[in-house]
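# A structural walkthrough
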Amino acid sequence: MGYDVKAVKRQWEGYETVRQWGRYPVEHEPIRRHCHMLDDTNPRFLEEGHCPPVMVDYFASLGPYPPADYDIFPVIRDIPTPGDRLINLNQEFEWFLPVKVGDRLGASHKVVAIHQRGTKLDPLSVWIRTETTIVNQHEELVARRTNQLLVHRTPEEIATGASRA
Amino acid sequence: MRDGPRWEHVREGDELKGFSLELTMTRMVAQVSGTQDFYPVHHDPEFARQAGHPDIFVNTAFIRGCLCRVVTDWMGVDGFLSALTFQMRRPNFVGETITARGRVRKKAAGGRVDLEVWIENAGQVTVPGTATVILPAAS
């Protein structure tokens, strides 16, 4: 029997995780590592403790260790798909409040949509759209993020017709 | 970097100062350190090739960090980045050089400025995107 995307959609679309709080509060050191990887010398981030907006999901995450539990990976891992290789294709962020060192962030994730559409990588590629909601320690909405992920098989799996689901 | 533009002084078509980064192996290591994203397709060439890619490529958090930096470098301490969207149309691989750029697309009431932002690689836009910032008024 082939991959039943309709059954997967029925089971998973609308699934939402409970909110979990980031393992650590917003801290200087990860912000500095983020800036260093980009040669970003902005003193607002490096010295004054403002969180770069794109780091809010990092601080809202249980991760980074163990890697398999990082951000939305556990949710994606549990959705049956023919392959298990991931590519993030699109991302959309909306921010509502600034974040600073010392804040505590939490996140919940929702599976918005699942589709199957072939790609150059895999004719059985599965597209998963998720929405992540991030709040601060006052339960105020800080940011909303959507991701469009592609899940595909390896060339070896495609060649042998292997499918995990 | 500290003193960004005031809304009244911004013109549609204004260019944001961009920057380039060479994706050396050292930069790829900094990417993993900076994002704490240990998915092997971004640091393990063999894993990447097994998945059908020619080599390792930078991750989403690195890409969006570049786009964010273009905007935050420009908007100064009084601006607020309220939205960012982008599409990763082709991976940016180790050994390549990327350039992040931006341009003012539209102004609107309330201090709103809509931007185009993007990543170029070898003359090709690999990551197109948009951003919205709220800028302070001059007075």
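Along each chain, the written sequence defines residue order, and numbers are assigned to residues from 1. Labels are handed out in written order, letters beginning with A for the chains and numbers beginning with 1 for the ligands. Totals for whole chains, interfaces and linings use every residue, but because this is a predicted model, local features are given only for residues with pLDDT of at least 70 and side-chain atom pairs only at 80 or more, for both listing and counting.

A word on the overall build of chain A. Helix and strand counts for chain A come out as six helices and five strands. The order of helices and strands in chain A, counted from the N terminus, is α-β-α-α-α-α-β-β-β-β-α. Viewed in the frame of its principal axes, chain A has a C-alpha envelope of about 55 × 35 × 25 Å. Counting every position in chain A, which comprises 165 residues, the buried fraction comes to 36%. Sequence-distant contacts in chain A: of pairs separated by 6 or more residues, those separated by 24 or more amount to 72%. Each helix is a run of DSSP H or I of at least 4 residues and each strand a run of E of at least 2, with the numbering of both proceeding from the N terminus. Residues are called buried when their C-beta atom has 20 or more other C-beta atoms within 10 Å, exposed when it has 12 or fewer, and partly exposed otherwise; all C-beta atoms are positioned from the backbone. For every residue pair, C-beta atoms are placed from the backbone, and the pair is scored as a contact if these atoms sit within 7 Å.

As a further point, take the interface of chain A and chain B. The interface of chain A with chain B comprises 30 residues on the first partner and 32 residues on the second. Every element with two or more residues in the side of chain A that touches chain B is listed here: α2 (28–37) and β2 (85–95) of chain A. Counting residues per element, the side of chain A that touches chain B draws most heavily on β2(A), at ten residues. In this count, Pro and Cys sit with the nonpolar residues alongside Ala, Val, Leu, Ile, Met, Phe, Trp and Tyr, while Asp, Glu, Lys and Arg are called charged and the others, Gly among them, polar. Of the residues assigned to the side of chain A that touches chain B, the class counts are 15 nonpolar, eight polar and seven charged. Two strands pair when backbone bridges link them, and β2(A) and strand β2 (residues 80–87) of chain B are joined in this way by five bridges, in the antiparallel orientation. Two strands qualify as a pair provided DSSP detects at least 2 bridges between them.

Glancing now at the packing of α2(A) against helix α1 (residues 25–35) of chain B. Structural elements are reduced to axes, namely lines fitted to C-alpha atoms, with helices fitted over the stretch in contact, and the angle between N-to-C directions of any two is expressed from 0 to 180 degrees. Axis separation between α2(A) and α1(B) bottoms out at 8 Å; the angle between their running directions is 155 degrees. The angle between α2(A) and α1(B) places the two elements in the roughly antiparallel class. Here α2(A) runs over α1(B); the crossing is left-handed. Residues A:R33, A:H34, A:H36 and A:M37 of α2(A) form the contact with α1(B), whose own contacting residues are B:A30, B:Q31, B:S33 and B:G34. For the contact of α2(A) with α1(B), a count of residues per class yields two nonpolar, five polar and one charged. Under this scheme an angle from 65 to 115 degrees is roughly perpendicular, one under 35 degrees roughly parallel, and one over 145 degrees roughly antiparallel; angles in between are oblique. With the far helix as reference, a near helix turned anticlockwise by less than a right angle produces a left-handed crossing, and one turned clockwise produces a right-handed crossing.

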